[in-house]
Amino acid sequence: MSPLGTRLYRTLMLRLSGLVLLFLCANSMAAQARPPIPVGINLRPITPYDRQLAFADAMKMASEWRYEDEGSLPPVRQVGKNGGKPPPVADIVPLDQDGWPRPSRGRTVSCHLFIGMRGKIPAGQYVVTWEGKGTLEFRGHIGIVSTEPNRLVVEVNGVNGGQPGIALSDVDLTDPIRDIHVWLPALEEACSYFQPAFLDRLRPFSVLRFYPWMRIYTSSGRWIERSTMDWARQGTTEGVALEYMVELANELAADPWFCIPHTADDDYVRRFASYVRDTLHPPAKVYVEFSNETWNTDFAAGRWAREQSQLLGVPAMHVVAERAGQVFDLWREVFGAKAGRVVRVVGVQLHNPGIASVLTRELDGNYDALALGTYFGARADTDDVSVDSTAEELLAAAALNLEQAVLPRIEDHQSQVDALTAQLGRPIRLITYEGGPSIVARSPGGGLGFDATIACHNLPAMYDVYRALIDGARARGVDLFVGYDFCGARTTSDTYSVLESLTDPLASSPKYRALVFGWESRGQ
């Protein structure tokens, strides 16, 4: 590091110490004055790489089916904006209406479970059941415990035995194999659809934002094509079934936050809202947002807004506000006398208050809350950090970013909210839709060191800086903090998870502890 960089680093560390001291003092005073701010979390998409292991039935988290003669290795994890190329049409395995394979005669198909999770797979006896005729092979076990017709019990230790998965061969096309279940250890007779460790780690959160689970950028937005509980897998382009999302909210006594796809037609919105009205636990609020980050043209909804803007000759945010208003009206119409349970959320951009100004003007009072994405971070193109910076240096730069760039912008939006509250004569809330540290190796300006970025998120001081964000946001008017995101592996471009696996010791999980502070016993 240069002499200038060394001096700046020392300055940053002093600022970090100051932030920590402010946090400790504020926390002590808050503990005497009022309970902590309610917190929520975004749930990662269901994938075969999914370390949150949401379901008791591992089949719900399996990879797509593929023909064995195309190779039996696990699929390469899709990365990049376009998520990789689809396989040639001739190689796609035909599926029935619920996603069960209907392979060509004489061909073997397979899917994979727990990809890249060696050492983190729940160990024990797995029970596999199915209907239909053919040969089912469970791979990745270390021994067969018992076999019966259409039932198999295998021992899995999570380390030996190879890549877990299912292979189907000699399938009887008149009575094909289907309705496969792969029950995690001791969960075949469980009363919940979800596995216990997943539920336990989620209990502190009073709001569950389902944007990632819903796959809103690939969803058809048509009710007839939506995923259901009967689908073989819940990691399709249609996302997780609404029934599972409501069930999870009910089981955890949490408020759900739904992001309605920009592709959704009115029928989809009405049916979606009707199901929530009729099945969500009565005390719950339901947060409703139109898509996610609609100004961001890296995402499908942002590109849609831009294209519609060019087509109609109106500003993109006018397009967004018009459709968001229609979605909000449909939800309130469906809820009728109970429309007060619906919280109409307008997602706005932290560093561009103009987005909030335009959307609230166009919506003309048809909203209840403004939601911010509150990330603090360090980047080589904006901060005195580089590929050679240590984890401590990255965190110090991120703390400075929090102090100088993030908290002041939250305050700017609270000023807008105060003005809107006065204008409308009713309270408008300021909340976050996402938030936390954004420190990744693959970033502008030459990038940062991978090892340092990973280590940064596990530094003990990360707890204090994260709490400084949460408490600083609260002091500036935020009344609900929703973090991003729950549980998953950290990579060169994604270090956002607050847990790397459900078995992480809490003592070495500073981001998770910071988020749930004060709510550790919620739902116990």
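Just so it is clear, the structure is predicted and the values come from calculations on it, not from any experiment.

Brief notes about the overall build of the protein chain
Phase 1: Of regular secondary structure, the protein chain possesses 12 helices and 16 strands.
Phase 2: Within the protein chain, the proportion of its 524 residues that are buried is 54%.
Phase 3: Taking as baseline every contact in the protein chain between residues at least 6 positions apart, the subset at least 24 positions apart corresponds to 77%.
Phase 4: Carbon and sulfur atoms make up 52% of the accessible area of the protein chain, which amounts to about 22,100 Å² in all.

A few points about the sheet that holds strand 9 (residues 178-183)
Phase 1: As summarised here, the arrangement of the 4 strands in space is 6-7-4-9, forming an open sheet in which the pairing is antiparallel. The open sheet has two edge strands with one neighbour each: strand 6 (143-148) and strand 9. Here the strands of the sheet are splayed against their neighbours by 15 degrees on average, with no regard to which way each runs.
Phase 2: Pairing of strand 6 with strand 7 (residues 151-156), which is carried by 5 bridges, proceeds in the antiparallel orientation. Each bridged residue has a counterpart across the sheet, and for E148 the counterpart in strand 7 is R151.

Some details on the nonpolar core
Phase 1: I180, F198, W213, L248, W257, F258 and W331 are the most contacted members of the largest nonpolar core, which totals 162 residues.
Phase 2: Per element, the largest residue contribution to this core is 12 residues, and it comes from helix 9 (residues 391-424).
Phase 3: The residues touching W331, leaving out its near neighbours within four places in the chain, are F258, I260, V269, F272, A273, V276, V286, V288 and V342.

Things to note about the packing of aromatic side chains
Phase 1: Tallied over the entire structure, the rule returns 28 aromatic pairs.
Phase 2: Arranged with centres 6.5 Å apart and planes meeting at 25 degrees, the rings of F258 and W331 form a pair that is stacked. With F258 in strand 11 (residues 255-260) and W331 in helix 7 (residues 316-335), this pair connects stretches of sequence that are 73 residues apart. Each member of the pair, F258 as well as W331, carries the same accessibility label: buried.
Phase 3: Arranged with centres 5.9 Å apart and planes meeting at 65 degrees, the rings of F290 and W304 form a pair that is edge-to-face.

Observations regarding the sheet that holds strand 2 (residues 66-67)
Phase 1: What the 4 strands build is an open sheet, ordered 2-3-8-5; its pairing is antiparallel. Strands at the two margins of the open sheet, each flanked by one partner only, are strand 2 and strand 5 (135-139).
Phase 2: Sheet topology places strand 3 (residues 109-112) next to strand 8 (residues 165-169); 4 bridges connect them, and they run antiparallel. The residue bridging C111 from the neighbouring strand is I166, located in strand 8.

Topic: the pairing of strand 14 (residues 369-377)
Phase 1: Judged by how many residues are buried, strand 14 sits mostly within the fold: 9 of 9 residues are covered.
Phase 2: Residues of strand 14 alternate between two faces, with A369, A371, G373, Y375 and G377 on one and L370, L372, T374 and F376 on the opposite face, all of them buried.

Comments concerning the packing of helix 8 (residues 353-363) against helix 9
Phase 1: Two elements in contact, helix 8 and helix 9, have axes whose closest approach is 10 Å; the angle formed by their N-to-C orientations is 20 degrees. Classified by the interaxial angle, the pair formed by helix 8 and helix 9 is roughly parallel. For the pair helix 8 and helix 9, the sense of crossing is right-handed. Side by side, helix 8 and helix 9 meet where P353, A356, S357 and T360 of the first sit next to H413, Q416 and L420 of the second.
Phase 2: Its residues placed into classes, the contact of helix 8 with helix 9 shows 3 nonpolar, 4 polar and no charged.

Examining the pattern of salt bridges
Phase 1: Per the stated rule, a full pass over the model turns up 26 salt bridges.
Phase 2: R409 is the partner of D412 in a salt bridge, and the nearest nitrogen-oxygen pair spans 2.7 Å. Of this pair, D412 and R409 both sit in helix 9, separated by 3 residues, roughly a single helical turn.
Phase 3: Residue D412 is classed as partly exposed on the basis of its relative accessible area, which comes to 32%.
Phase 4: By relative accessible area, which is 25% here, R409 ends up partly exposed.
Phase 5: In this structure, a network of salt bridges that share partners links the residues R44, D485 and D494.

What about helix 11 (residues 460-475)?
Phase 1: The first and last C-alpha atoms of helix 11 sit 23 Å apart over 16 residues, in line with the 22 Å expected at 1.5 Å per residue.
Phase 2: Counting buried positions over the 16 residues of helix 11 gives 13, a clear majority of the element.
Phase 3: Positive backbone phi, at 110 degrees, marks G477, one or two positions downstream of helix 11.

Some remarks on the side chain of H181
Phase 1: Relative to the helices and strands, H181 is located in strand 9.
Phase 2: Setting aside anything within four residues of it in sequence, one finds H181 in contact with D57, M59, V127, V128 and T129.

Details of helix 7
Phase 1: With 20 residues, helix 7 extends 29 Å from end C-alpha to end C-alpha; this agrees with the ideal 28 Å at 1.5 Å per step.
Phase 2: G336 sits one or two positions beyond helix 7 and adopts a positive phi of about 55 degrees.

Quick look at the packing of helix 4 (residues 242-252) against helix 5 (residues 266-279)
Phase 1: Where helix 4 meets helix 5, the closest approach of the two axes is 11 Å, and the angle between their N-to-C directions is 30 degrees. The angle between helix 4 and helix 5 places the two elements in the roughly parallel class. Classified by chirality, the crossing of helix 5 by helix 4 is right-handed. Contacts between helix 4 and helix 5 pair L242, E243, V246 and N250 from the former with F272, Y275, V276 and T279 from the latter.
Phase 2: Here the residues of the contact of helix 4 with helix 5 sort into 5 nonpolar, 2 polar and 1 charged.

Cut-off values and rules
- Residues numbered from 1 in each chain as written.
- Predicted model: local features only at pLDDT ≥ 70, side-chain atom pairs only at ≥ 80, totals over all residues.
- Heavy atoms only, no water.
- Helix = DSSP H or I, 4+ residues; strand = E, 2+ residues; numbered from the N terminus.
- Buried < 20%, exposed > 50% of the residue type's maximum accessible area, 1.4 Å probe, protein only.
- Contact = heavy atoms within 4.5 Å.
- Areas by Shrake-Rupley, 256 points an atom, 1.4 Å probe, with all protein chains shown as cover.
- Pairing = 2+ DSSP bridges.
- Axes fitted to C-alpha atoms, helices over the stretch in contact; angles between N-to-C directions.
- Core = buried A, V, L, I, M, F, W, Y, C linked by side-chain atoms within 4.5 Å.
- Phe/Tyr/Trp six-rings, centres within 6.5 Å; stacked < 30°, edge-to-face > 60°.
- Parallel < 35°, antiparallel > 145°, perpendicular 65-115°, else oblique.
- Left-handed = near helix turned anticlockwise from the far one by under 90°.
- Nonpolar A, V, L, I, M, F, W, Y, C, P; charged D, E, K, R; others polar.
- Salt bridge = Lys/Arg side-chain N within 4 Å of Asp/Glu carboxyl O.
- Expected span 1.5 Å × (residues − 1).

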